[in-house]
Amino acid sequence: MAKDSSFDVVSEVNMQEVDNAFQQAARELSQRYDLKDSGATIELSKSDKLFTLHAPADFVARQVIDILSSKLIKRGVDIKTVSWDDPQAASGGTVRLIGRIVEGIDQATAKKINKDIKDQKLKVKVTIEADKLRVSSASKDALQQVIAFLREQDYGQPLQFTNYR
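Report on the accompanying structure. (Residues numbered from 1 in each chain as written. Predicted model: local features only at pLDDT ≥ 70, side-chain atom pairs only at ≥ 80, totals over all residues. Heavy atoms only, no water.)

### Considering the nonpolar core
Reasoning step 1: In this structure, Val-18, Ile-42, Phe-51, Leu-53, Leu-72 and Ile-101 are the most contacted members of the largest nonpolar core, which totals 26 residues.
Reasoning step 2: When residues of this core are traced back to their parent elements, those giving at least two are α1 (15–31), β2 (41–45), β3 (50–55), α2 (58–74) and β6 (95–101).
Reasoning step 3: Among the elements that take part in this core, α2 stands out by supplying 7 residues, more than any other.
Reasoning step 4: When sequence neighbours within four positions are dropped, the list of residues in contact with Ile-42 reads Phe-22, Ala-26, Leu-29, Phe-51, Thr-52, Leu-53, Val-64 and Leu-68.
Reasoning step 5: The next biggest cluster of nonpolar side chains, apart from the first, holds 19 residues, and it includes Ile-105, Ile-117, Val-135 and Ala-142. (Core = buried A, V, L, I, M, F, W, Y, C linked by side-chain atoms within 4.5 Å. Buried < 20%, exposed > 50% of the residue type's maximum accessible area, 1.4 Å probe, protein only. Helix = DSSP H or I, 4+ residues; strand = E, 2+ residues; numbered from the N terminus. Contact = heavy atoms within 4.5 Å.)

Take a look at the structure:
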C-alpha cells in the first residue's frame, strides 16, 4: 500500500513584516504634509496582535488605513489579515478604530473549507486540527487539485499550504 501524501492549510502572519510595515506607516504619518499636524496616531500591540488608530475624523482614519495597507502590501503581507472594526467615537470628537490581525483558521471557516473540498469529489481526506486543516491522499495529483481549488476561493483570510510531503 502506498504511503499517503499530505499538506496543511494554515493562515499565518509574519509579525516581523507587520511590525516593519507599521514602523514605515508611522514614519510616513509623521512626515506627510496633509497628516503631520492632524493628530492622527497609530499603535501596534504585538502581544495582542492589534492596531489601534486614533484620528480626528473618519476621513483621516481611512487615509491612515490606506497608508498602512500599502506598507503591508509592499512587505508581502496580505491585507486580508487585518480585520478593522467599525469606527468608535472617542474623547474630544475623535475617532478610534481597532484592527485585529487574524491568524489561524476558525472552526466555522475550517468547516466551510472542508465542505468545499468534499464537494469537489476528489479522493482526499480532510482533518481539522485546531487552527489548521490537514489534507491527505494517496494521489499527489488530487492534492495539487485541492491547492489549485483553494487558491481560487475567498474565505476572507489568506491561506498558505505547508508541510507538503
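### Let's talk about the packing of helix α3 (residues 107–119) against helix α4 (residues 140–152)
Reasoning step 1: At a minimum axis distance of 11 Å, the contact between α3 and α4 shows a crossing angle of 125 degrees. The orientation of α3 relative to α4 falls into the category oblique. Once α3 is placed against α4, the crossing between them reads as right-handed. Taking contact as the criterion, the partners of Ile-113, Asp-116 and Ile-117 in α3 are, on α4, Val-146, Phe-149 and Leu-150.
Reasoning step 2: Here the contact of α3 with α4 is built from residues that sort into 5 nonpolar, no polar and 1 charged. (Axes fitted to C-alpha atoms, helices over the stretch in contact; angles between N-to-C directions. Parallel < 35°, antiparallel > 145°, perpendicular 65-115°, else oblique. Left-handed = near helix turned anticlockwise from the far one by under 90°. Nonpolar A, V, L, I, M, F, W, Y, C, P; charged D, E, K, R; others polar.)

### Side note on the pattern of salt bridges
Reasoning step 1: Counting across every chain of the model gives 13 salt bridges.
Reasoning step 2: For the salt bridge of Arg-134 with Asp-8, the shortest nitrogen-to-oxygen distance reads 2.6 Å. Separated by 126 residues along the polypeptide, Arg-134 in strand β8 (residues 132–137) and Asp-8 in strand β1 (residues 5–10) bring together distant segments of the chain.
Reasoning step 3: Residues Arg-75 and Glu-17 are paired through a salt bridge, measuring 2.9 Å at the closest nitrogen-oxygen approach. With Arg-75 in the loop between α2 and β4 (82–84) and Glu-17 in helix α1, this pair connects stretches of sequence that are 58 residues apart.
Reasoning step 4: A single network of salt bridges, built from pairs that share partners, joins Glu-28, Arg-32, Asp-34 and Lys-71. (Salt bridge = Lys/Arg side-chain N within 4 Å of Asp/Glu carboxyl O.)

Nothing here speaks to function; it is all geometry.
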